[in-house]
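The primary structure of each chain is shown beneath.
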Amino acid sequence: MSTATEPSTGRTTAAAREPMMTARGLVKRYGHVTAINGADFDLYPGEVLAIVGDNGAGKSSLIKALTGALIPDAGEIKLDGKQVRFHSPVEARNEGIETVYQTLAVAPALDIATNLFLGRELRREGLLGKLRLLDRKAMRTRARDELNSLGIATIQDITQPVESLSGGQRQAVAVARAAMFGSKVVIMDEPTAALGVRETAQVLELIKRISERGLPVVLISHDMPAVFEVSDRIHVHRLGKRTGVVDPKKVSMSDVVSFITGAEDIPAEALS
Amino acid sequence: MRKAFARNPVLGPTAALLLVMIFFSIATDTFLNVDNFSLIVQQSVVIGTLALGQTLIILTAGIDLANAAIAVFGTLLLTRLTIGGTPPFIAVVAGLIACTLIATISGTLVARVKLPPFIVTLGMLAVVTAVTNLYSAGTTYPVPDGLLTFLGSSLYLFGRVQFTMGMILAAILFVVMWFVLSKTGWGRHVYAVGNEPEAARLTGIHIDKTLISVYAVAGLIYGFAAWMALGRTPTADPNAYQTGNLDSITAVVIGGTSLFGGRGGVVGTVVGALIVAVLRSGLTQMGIDSNYQNLATGVLVIAAVAFDQATRRKG
C-alpha cells in the first residue's frame, strides 16, 4: 500500500517524457465529507489514461478539480509544466482542456456544424466580423474536415440537426468538438454509458484516433472491456485518492475490480 | 415529406397561408384585391410586432404574458409626455427605454431568480396594467399629431399600393431580427439556450446574460409596437389590446415556433400573424360572425401544435 500511494508513475512507459498534466495532494472537503483526500494524477502526451473506481470513490470530484468545475482546498495542478489554478470550466477550456460528458452535451435542434462551434463561433473577417456576423462557410468547412480526419464517415450532411443522428453519432459530434478545440487534454466522463455495443466501439475508435494525434485522453469509465481495449495505463481511484496506476497488459479485468473494491492491494509488479 | 416539414418548419404555415388565401379569393369577390391585402397587413402590424418580441422569448422556452400591457403603457407614456410638453422625439425615446426596462425586469427575474417565465410575466401583466390604469386615471388621451402618429402616415408605391410607415418599420424590425437570429453568435445562443440549456452552459454560453438580453430586446420591440399602435389609432387607451398577449402567442405558435423553445423563428411569425389576419378578413367578408372567427383561430392554434408534434415525432 505504501508504495502504491507514492507518486510512482512513469516507471516504464513514461520515464523520459514530461507529463502533460499532473496533480499532487488534491484535497476537497464538503463539511465532514472528504471528496478528494490527497489525490495525485499524472497524464502523459499521447496516452489514453483510464480512471476507474467505485461509485463514490471520488473520480468525478477529481475530474471536476482538473477541469475547473470545483476548486480544491489544497494541492497543486500543473499543466504542461506550469502551475494552474482554474476558477471555472471556461478557464480550463481556454487552457486547452476539453471535456466530453455522458449526456446533455449537444443541442438536438441545432445542426452539427453549429453544435461543433457552439459558444466559440467563427466570425467573418473585417467589418462584417465587427458586426458579429458568423462565418458559416468556414465553420462548415472546418467541421467537415474535423469529422473526416477523425474518420467519422457515417455523418454525411453536417447541416442536419443533431437530433436526426443516432446516439453514437451524437456522442461523436461531442467528441469531435473536444478534439477540435482541445489543444492539451481531452477528458471523457463515461462517454459510452448511454450507448449500445456498436456505438461504444465507434466512440472507442475515436478515442484511439485522438490519442494518435498526440493529444492525451482521460477516460472515466465503468466499462472494463472498453478500458482494457483503449487505455495505455489505468489509474485506480479509491476512497478519494489514487491507489496506483496499473499497466493493463500486466493485470486482468478481475484484478482491476479487486483493486477498485480494495479486496486486493495492487502488487508492485502490476504498476505501470 | 414529414422530414421536409420537420427540417423546414416555415413550410407548413406558408402552405396554410396560401391555401386560405386561395380559398377566400374564390369564395369572395372582395378578397383578392391589393387594397384589401394592404389593409390586412396594416391590421396585423401591432400584433405582429408584439409577436416578434414574443418569438424571441418563446425561442428561449419562455413566454411573455405582459407584452401587450407593456406596449399599452408605452402608448400612454408617449402620449402624456408629449401632451405635457416633452418634445415628441424625447417622448418616443423615453417610451422605448421604458418598455425595454420593464421587460428587462421580467428577464432578470427569469434568469437570475429562476422563476418560471409564465408566473413572472403573469405578475408583470397585473402590475403593468395597474400602473397604466393609475397613470391614465382610466381615461383615454387623444394623440397629438406629428411624430407620434407618423407611423400611421402612408406612402403610395406604384401609384396606388398603400404602405404605412408602421408597416415599413415592422418589416425592418423583422428583417433585422431574422438577420441577428440566423447570422450571429447571439442568435445561435438564443436557440441553444432554449433547446438545451445544460448543453449551452457546458459550452460556456452565459445563459443568464443571454436570457436577460432576449427580454430586453423583446421590450424594445414592444416599445416600437406602442409607437405603431399610436399611428394606427390616434388614441392612447389603457384598455386597448387586452388580448394582445394571447393574440401574439397565437401568431407565434401558428407560425411553427415551438413553445418548448429552440425551434422556429421570425419568418414563421410573419406567416402566423398573416394567417390570423387573412382568416379574420376573409371570414368577415364572407359575412361570418366574429365568434366563429375566434373559434376558427382557436382550432388553428391547436391544429398547428398537433401538426408540429406530428412532424417532429421520430419516424
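Preceding block: the structure.
Residues numbered from 1 in each chain as written. Chains lettered and ligands numbered in written order. Predicted model: local features only at pLDDT ≥ 70, side-chain atom pairs only at ≥ 80, totals over all residues.

Colleague: Looking at this model, I keep getting lost on the overall build of chain A. Mind explaining?
Modeller: For chain A, the helix and strand inventory stands at 10 helices and 10 strands. Whereas a compact globule of 272 residues would reach a radius of gyration of roughly 19 Å, chain A reaches 19 Å, a difference of no more than 12%. Once the C-alpha set of chain A is aligned to its principal axes, its extents read approximately 60 × 40 × 40 Å. Within chain A, buried positions represent 46% of all 272 residues. (Helix = DSSP H or I, 4+ residues; strand = E, 2+ residues; numbered from the N terminus. Rg over C-alpha atoms; globule rule 2.2 N^0.38 Å. Buried ≥ 20, exposed ≤ 12 C-beta atoms within 10 Å, placed from the backbone.)

Colleague: Hey, could you run me through helix α12 (residues 266-285) of chain B in this one?
Modeller: Side chains that are three or four residues apart share a direction in an α-helix, a result of its 3.6 residues per turn. The terminal C-alpha atoms of α12 of chain B, which comprises 20 residues, lie 28 Å apart, in line with the 28 Å expected from a rise of 1.5 Å per residue. With its phi angle positive at about 75°, Gly287 of chain B sits one or two positions after the end of α12 of chain B. (Expected span 1.5 Å × (residues − 1).)

Colleague: Sorry, what's going on with the interface of chain B and chain A here?
Modeller: By convention, interface size is frequently given as the accessible area that disappears when the constituent parts associate. Taken together, the contacts link 18 residues of chain B with 17 residues of chain A. At the level of secondary structure, the elements contributing two or more residues to the side of chain B that touches chain A comprise α8 (185-195) and α9 (197-202) of chain B. The element contributing the most residues to the side of chain B that touches chain A is α8 of chain B, with 6 residues. Per-class residue counts for the side of chain B that touches chain A are 7 nonpolar, 6 polar and 5 charged. (Contact = placed C-beta atoms within 7 Å. Nonpolar A, V, L, I, M, F, W, Y, C, P; charged D, E, K, R; others polar.)

Colleague: Would you mind going over the sheet that holds strand β4 (residues 74-79) of chain A with me for this structure?
Modeller: Strand-to-strand pairing in sheets goes through backbone hydrogen bonds, with the strands running parallel or antiparallel. Residues and elements named next belong to chain A. A sheet is described by the order of its strands in space; here 4 strands give the open sequence β2-β1-β4-β5, paired in antiparallel fashion. Unpaired on one side and paired on the other, β2 (33-43) and β5 (82-84) mark the two borders of the sheet. Averaged over all pairs of adjacent strands, the angle between strand axes in this sheet comes to 30°, irrespective of strand direction. For strand β1 (residues 21-30) and β4, the ladder comprises 5 bridges, and the chain directions are antiparallel. Across the sheet, Met21 pairs through a bridge with Leu79, a residue of β4. On top of the sheet, helix α2 (residues 59-67) reaches β1, β2 and β4; it is set at about 65° to β2, its chief contact. (Pairing = 2+ DSSP bridges. Axes fitted to C-alpha atoms, helices over the stretch in contact; angles between N-to-C directions.)

Colleague: Just to check I follow, could you spell out the pairing of β2 of chain A for this structure?
Modeller: The side chains of a regular strand alternate, residue by residue, between the two faces of the sheet. Residues and elements named next belong to chain A. Where β1 lies against β2, 8 bridges are found, and the strand directions are antiparallel. Looking at β2, one finds that Leu26 is bridged to Ala39. Taking the residues between adjacent antiparallel strands as the criterion, β1 and β2 are bridged by 2 residues, where Gly31 takes a positive phi near 60°.

Colleague: Any chance you could explain the packing of helix α4 (residues 67-83) of chain B against helix α11 (residues 244-254) of chain B here in plain terms?
Modeller: Packed helices, taken two at a time, are described by the angle their axes make and the gap between the axes. Residues and elements named next belong to chain B. Contact pair α4 / α11: the axes reach a minimum separation of 6 Å and the direction vectors enclose 125°. In terms of orientation, α4 lies oblique with respect to α11. From α4, Asn67, Ala68 and Ala71 reach across to α11, where they touch Gly244, Asn245 and Ser248. Here the residues of the contact of α4 with α11 are counted per class, giving 2 nonpolar, 4 polar and no charged. (Parallel < 35°, antiparallel > 145°, perpendicular 65-115°, else oblique.)

Colleague: Is there a simple way to explain the pairing of β4 of chain A in this structure?
Modeller: All names here are of chain A. Sheet analysis places β4 next to β5, joined by 3 bridges and oriented antiparallel. Looking at β5, one finds that Leu79 is bridged to Lys82. Counting the residues that bridge the hairpin from β4 to β5 gives 2 residues, and of these Asp80 lies at a positive phi of roughly 55°.

Colleague: What should I look at first to understand the sheet that holds strand β9 (residues 233-238) of chain A in this one?
Modeller: Residues and elements named next belong to chain A. Strands sit in the order β6-β7-β8-β3-β9-β10 across an open sheet of 6 strands; the sheet is mixed. Sheet topology places β6 (97-100) and β10 (241-246) at the edges, where each strand pairs with a single neighbour. Each adjacent strand pair in this sheet contributes to an overall mean axis angle of 20°, direction not counted. Where β9 and β10 come together, 5 bridges link them in antiparallel fashion. Note on β10: the bridge partner recorded for Ile234 is Val246. Contacting β6 and β7 (185-189), helix α7 (residues 167-181) runs over the sheet at an angle of about 175° to β6. Lying over the sheet, helix α10 (residues 253-261) contacts β3 (48-53), β9 and β10, oriented at roughly 30° with respect to β9.

Just distances and angles here, no functional claims.
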